[in-house]
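Below are the chains, spelled out letter by letter.
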Amino acid sequence: MFARTDKLTKKTYIGWLLRGLYGDGVEDLLAAEGIEPTRTVGDLTKRQRAYLVETVSTTRMVR
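These lines cover the structure that appears in this document, whether it is placed above or below. (Residues numbered from 1 in each chain as written. Predicted model: local features only at pLDDT ≥ 70, side-chain atom pairs only at ≥ 80, totals over all residues. Heavy atoms only, no water.)

**Topic: the overall build of the protein**
- The helix and strand tally for the protein stands at 4 helices and 0 strands.
- Across the 63 residues in the protein, those meeting the buried criterion constitute 30%.
- Residue pairs in contact within the protein that sit at least 24 positions apart in sequence constitute 53% of those at least 6 positions apart.
- A total of about 4,400 Å² of accessible surface is found on the protein, and carbon and sulfur atoms cover 55% of it. (Helix = DSSP H or I, 4+ residues; strand = E, 2+ residues; numbered from the N terminus. Buried < 20%, exposed > 50% of the residue type's maximum accessible area, 1.4 Å probe, protein only. Contact = heavy atoms within 4.5 Å. Areas by Shrake-Rupley, 256 points an atom, 1.4 Å probe, with all protein chains shown as cover.)

**A word on the nonpolar core**
- Counting residues in each nonpolar core, the largest one holds 10 residues, listed as Ile 14, Leu 18, Tyr 22, Val 26, Leu 29, Leu 30, Ile 35, Val 41, Leu 44 and Leu 52.
- When residues no more than four places from it in sequence are discounted, the contact partners of Ile 35 are Ile 14, Leu 30, Leu 44, Gln 48, Tyr 51 and Leu 52. (Core = buried A, V, L, I, M, F, W, Y, C linked by side-chain atoms within 4.5 Å.)

**As for the packing of helix H2 (residues 14-22) against helix H4 (residues 46-58)**
- Running from amino to carboxyl end, H2 crosses H4 at an angle of 10°, the nearest separation of the two axes being 12 Å. Here H2 is positioned roughly parallel relative to H4, judged by the angle of their axes. Contacts between H2 and H4 involve Ile 14, Leu 18 and Tyr 22 on the former and, on the latter, Leu 52, Thr 55 and Val 56.
- The class makeup of the residues in the contact of H2 with H4 is 5 nonpolar, 1 polar and no charged. (Axes fitted to C-alpha atoms, helices over the stretch in contact; angles between N-to-C directions. Parallel < 35°, antiparallel > 145°, perpendicular 65-115°, else oblique. Nonpolar A, V, L, I, M, F, W, Y, C, P; charged D, E, K, R; others polar.)

**Examining the pattern of salt bridges**
- Inspection of every chain in the model, using the stated rule, returns 2 salt bridges.
- Notably, a salt bridge pairs Arg 19 with Glu 27, separated by 2.5 Å at the nearest N-O pair.
- Arg 19 sits in the partly exposed class, given a relative accessible area of 29%.
- One salt bridge in this structure joins Arg 47 and Glu 33, with 2.8 Å as the shortest N-O distance. Residue Arg 47 is found in helix H4, and its partner Glu 33 is found in the loop between helix H3 (26-31) and H4; the two are separated by 14 residues along the sequence. (Salt bridge = Lys/Arg side-chain N within 4 Å of Asp/Glu carboxyl O.)

**Observations concerning the environment of Leu 29**
- Within the element layout of this structure, Leu 29 appears in helix H3.
- For Leu 29, a relative accessible area of 13% corresponds to the buried category.
- Separated by 22 residues in sequence, Leu 29 and Tyr 51 place their C-alpha atoms 9.9 Å apart.
- If we ignore the near neighbours within four places in the chain, the residues touching Leu 29 are Leu 18, Tyr 51, Leu 52 and Thr 55.

Read these as geometric descriptors, not functional statements.
Structure follows, in structure tokens:
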């Protein structure tokens, strides 16, 4: 999902996307890497994408 390059994905807010998986705790997850929830997937750096891929793949969903 973080590597997709289609127009819809690139313009999706990362906070909105991850809130669907992790609920309201997503701000802490993003803040750990200095990512604002209002950034879009297309705005993420390679390092931020790698962090999110690693975190999403190893963190349990909180729902």
